[in-house]
Amino acid sequence: MSFEQILFYLFSTILVLGATAVVTVRNPVHAAMFLVLCFVTTSALWLLLEAEFLAITLVLVYVGAVMVLFLFVVMMLDINIARMRDGFARYLPVGIVVAGVAIGTIVMAIWQTNFGHSDPVARGADYSNTRELGEQLYTTYVYPFELASVVLLVAIVAAIALTLRSRAGTRYQKIEEQVVVKKADRLRIVQVEAEERK
Amino acid sequence: MTFDMPNFVPAMPEIFVLGMVCLILILDLFLSDRSRVVTYLLSQATLVGAFLLSFGLYSGEQVLTFSDSFILDPMASVLKMVVYAAVFMVLLYSRDYLRQRGMFRGEYFVLALCGVLGMMVMISAHSMLTLYMGLELLSLSMYAMVALQRDSAVAAEAAMKYFILGAMASAMLLYGMSMIYGVTGTLDLSEVSNSVAGQERQLILIFGLVFLMVGVAFKLGAVPFHMWVPDVYHGSPTAVTIYISTAPKLAAFAMLMRLLVDGLGSLHAQWHDILVLLSVLSLAIGNIVAIAQTNIKRMLAYSGISHIGFLLLGVLTGAQEGYAAAMFYAIVYVIMGLGGFGMVILMSRAGFEADQLDDYKGLNQRSPWFALMMMFLMFSMAGVPPFLGFWAKLSVLQAVVDANMVWLAAVAVIFSVIGAFYYLRIVKLLYFDKPVIDEPFKPSFDLAAIFSANALAVILIGLAPSSLMTICKQTLGL
């Protein structure tokens, strides 16, 4: 077994264990942390495939931004774990049977066949994965790329439509007033007479 | 690396709709609530403009562009035109309804148009990637539309269910696509088709196919992936229900055709069996459970499930006649679905939702004309000749019999007879029961006109169904 294979199996094992822990641990904050572990190991797997750009983006975007937001939300919500687990024992047998059958068939299907592709070519140090990715993204895949931007636009419209509401008594910042504020408007300097200590 | 500029002309309708969406989005910011009607009119103008563009681009040829990830063929043109027409009707139906409930805001129209764009992308997809992008664009718009009525607990519940189940289905679909990509090494549907034909790794292809089917069946609302349908149709504001229950079914039909027929046509023996199971279950559950419903929106939801069963019957024959019959059925279903939920909108007024069956009692005494129109729609859905629904069922059954599956046709007929019960029950309520509400029935003029036109279309096209059928056959090269 080469060093790369050892690394692959090491990271894969951590990934699978981490993913299992995400759904099994009781504390949602711990689950989110395990998800971070999954993202980090996945990005290590991508590095092994020489997909540096994807690996770094995964860490930056998912670990750095998405998961931090996720943790904020999890910590702000008061989730009653005991209630969420209500019916766990009742659905467990059915769940195990369904999961068992699904995993069984998946293993059966994948075990016997490989995908029939030759090993990926290892590139030299002067090969830029980022450049190749960019060339593909802005030429061959420009149409799906543009569509992705429309999906993001819809997400923005939807998020604003669902959360922005003007209720009576809502407090909000008036930025134009805030920026023209001067020291004199906010701060009053008072001369206090010194008193003698008794 | 050299790069040729793609041919933008076939995608003109998409580009136009996207441009108008951005324009409406910005313009709407500067409108006061009283002049909001400008947003509405611009949205309608967008649909009309897109219709004209698609009509102008119609030709018998297949055009591929954007590195073969976009296809414009006769089927795409016709389905897109029906989508514009259906959404045009939806917006007409919803105007008063939205205004009475304080939902007459720019977001509804922007999201509806983004959904149209998603449907157009799906209909014109020639690569698994674009198909998925279109599907997400459509689904995301629909999730948000369901949740638009923020103070309603049922709507919030419906939106959550729809969103979570929809995300699961998208994940299944993607997993299936990734398996097929793994074997064939391409996302392009015609290359997938070539690669699948001479492929010895059948097992893994079937494995991918099963996951694809789960995703598609969910989007169509076929049993056993139908759980979301009644809850979402019931929980959403009716103006949104009428949107999600009609035009997106055409896009889902296109998705089925692109993936199964264009991409995995040589696996017909495998997907045939899956579709038989899905369609028989949909016919059975849809028709039987609908009988037990007292809420008309839920009843129409189950009725929609059974119609999807019929649509799948046409596709599973694997013959061009069957595909044409399924396409005809999909278009007819959209016309009838518009009328069915249009009926609920017509009967509702400010502060009152006419979603209980009892609300329809004795309508004949309050308004004989609308009772007659509703009877037409119910007869058509039940498949009584000479209404449009009958011809749709007949053409599908013919295709099934031609494919030597007489038992399947017999099953479909038995379940349609069972289904006729709950449609005729509405006719009974309209004509033979005493009204529980004695207020006079005065719908606004445009609503009354569009509903009458919709119901009359069911009988008038029903008297001469061959023209619509010929269009469907021509688009599929028959």
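All values reported here derive from a predicted model rather than from experimental measurement.

Caption draft 1: Broad picture of the overall build of chain A. Scanning chain A from N- to C-terminus turns up nine helices and zero strands. Projected onto the principal axes, the alpha-carbon positions of chain A cover approximately 90 × 55 × 45 Å. Long-range pairs, those at least 24 residues apart, make up 60% of the contacts in chain A between residues at least 6 apart in sequence. Approximately 16000 Å² of chain A is accessible, and the part contributed by carbon and sulfur atoms is 66%. Taking the 16 positively charged and 16 negatively charged side chains of chain A as two groups, their mean positions are separated by 16 Å.

Caption draft 2: Structural view of the overall build of chain B. What chain B contains, in helices and strands, is 20 helices and two strands. Taking 23 Å as the expected radius of gyration for a compact globule of 478 residues, we find that chain B reaches 22 Å, a close match to that expectation. With the principal axes as the frame, chain B shows a C-alpha extent of 70 × 60 × 40 Å. Total accessible area on chain B stands at roughly 16700 Å², and carbon and sulfur atoms take up 68% of it.

Caption draft 3: Quick look at the packing of helix 13 (residues 296–316) of chain B against helix 18 (residues 406–432) of chain B. Residues and elements named next belong to chain B. At a closest axis distance of 12 Å, the pairing of helix 13 and helix 18 adopts a crossing angle of 160°. The orientation of helix 13 relative to helix 18 falls into the category roughly antiparallel. Of the two elements, helix 13 crosses helix 18, and the hand of that crossing is left-handed. Residue-level contacts link I296, M299, S303, S306, H307, F310, L313 and L316 of helix 13 to L408, A412, S416, Y422, Y423 and I426 of helix 18. Split into classes, the residues belonging to the contact of helix 13 with helix 18 amount to 10 nonpolar, four polar and no charged.

Caption draft 4: How the structure looks around the nonpolar core. Residues Y108, Y243 and W271 of chain B are the most contacted members of the largest nonpolar core, which totals 201 residues. Here this core gets 21 residues from one element, more than from any other, and that element is helix 14 (residues 320–347) of chain B. When near neighbours in sequence (up to four residues on either side) are disregarded, W271 of chain B contacts L209, M213, L260, V261, L264, G265, V315, L316 and Y323 of chain B. Listed in part, the seven residues of the second largest apolar core include A32, V36, F39 and V63 of chain A.

Caption draft 5: Region of the structure containing helix 8 (residues 202–220) of chain B. For helix 8 of chain B, built from 19 residues, the straight-helix expectation of 27 Å at 1.5 Å per residue is met to within 8% by its first-to-last C-alpha distance of 26 Å. Phi turns positive one or two residues past the end of helix 8 of chain B, at G221 of chain B, with a value near 80°.

Caption draft 6: Representation of the interface of chain A and chain B in the model. The partner chain B presents 37 residues to the 32 residues of chain A that form the contact. With both chains or domains summed, chain A and chain B bury close to 3100 Å², and 78% of this area falls on carbon and sulfur atoms. In this structure, the connection of chain A to chain B is made through zero salt bridges. For the pair chain A and chain B, the number of links is four residue pairs in polar contact (both at pLDDT 80 or more). Put simply, the parts of the chain that give the side of chain A that touches chain B at least two residues each are helix 5 (88–112), helix 6 (129–138) and helix 7 (142–163) of chain A. Considering every element that reaches the side of chain A that touches chain B, the biggest residue donor is helix 7 of chain A, with 14 residues. Taken together, the residues that form the side of chain A that touches chain B break down as 21 nonpolar, nine polar and two charged.

Caption draft 7: How the structure looks around the pattern of salt bridges. Counted according to the given criterion, the structure contains 14 salt bridges over all chains. Where E135 of chain A meets R131 of chain A, a salt bridge forms, and the shortest distance between an N and an O atom there is 3.3 Å. Taken together, the residues span about one helical turn, with E135 of chain A and R131 of chain A both in helix 6 at a distance of four residues. With relative accessibility at 55%, the residue R131 of chain A sits in the exposed group. Two residues, R258 of chain B and D262 of chain B, come together in a salt bridge whose shortest N-O distance is 3.2 Å. Highlighted residues: R258 of chain B and D262 of chain B, both in helix 11 (residues 247–263), separated by four residues, approximately one helical turn. Taken together, the shared-partner salt bridges connect E157, K161, D231 and R298 of chain B into one network.

Caption draft 8: How the structure looks around a nonpolar patch on the surface. Residue and element names in this part refer to chain A. A cluster of nonpolar side chains, namely V68, L69, F72, V73, M76, L77 and I79, defines an oily patch on the protein surface of about 700 Å² accessible area. Locating V68 in the fold gives a position in helix 3 (residues 52–76). Residue class for V68 comes out partly exposed when judged on its relative accessible area of 39%.

Caption draft 9: Structural view of the confidence of the model for chain A. Here chain A shows a mean pLDDT of 87. Residues at 70 or above account for 95%. Mean pLDDT across the elements of chain A ranges from a minimum in helix 4 (residues 81–84) of chain A, with 68, to a maximum in helix 7 of chain A, with 94.

Thresholds, definitions, all that
Residues numbered from 1 in each chain as written. Chains lettered and ligands numbered in written order. Predicted model: local features only at pLDDT ≥ 70, side-chain atom pairs only at ≥ 80, totals over all residues. Heavy atoms only, no water. Helix = DSSP H or I, 4+ residues; strand = E, 2+ residues; numbered from the N terminus. Contact = heavy atoms within 4.5 Å. Areas by Shrake-Rupley, 256 points an atom, 1.4 Å probe, with all protein chains shown as cover. Lys, Arg positive; Asp, Glu negative; His and termini not counted. Charge placed at Lys NZ, Arg CZ, Asp CG, Glu CD. Rg over C-alpha atoms; globule rule 2.2 N^0.38 Å. Axes fitted to C-alpha atoms, helices over the stretch in contact; angles between N-to-C directions. Parallel < 35°, antiparallel > 145°, perpendicular 65-115°, else oblique. Left-handed = near helix turned anticlockwise from the far one by under 90°. Nonpolar A, V, L, I, M, F, W, Y, C, P; charged D, E, K, R; others polar. Core = buried A, V, L, I, M, F, W, Y, C linked by side-chain atoms within 4.5 Å. Buried < 20%, exposed > 50% of the residue type's maximum accessible area, 1.4 Å probe, protein only. Expected span 1.5 Å × (residues − 1). Buried area = accessible area lost by both parts, 1.4 Å probe. Salt bridge = Lys/Arg side-chain N within 4 Å of Asp/Glu carboxyl O. Polar contact = N/O pair within 3.5 Å; in protein donor to acceptor, adjacent residues only side chain to side chain. Patch = residues over 30% accessible without salt bridge, like charges linked within 9 Å, V, L, I, M, F, W, Y side chains within 5 Å. pLDDT = per-residue confidence, 0-100.

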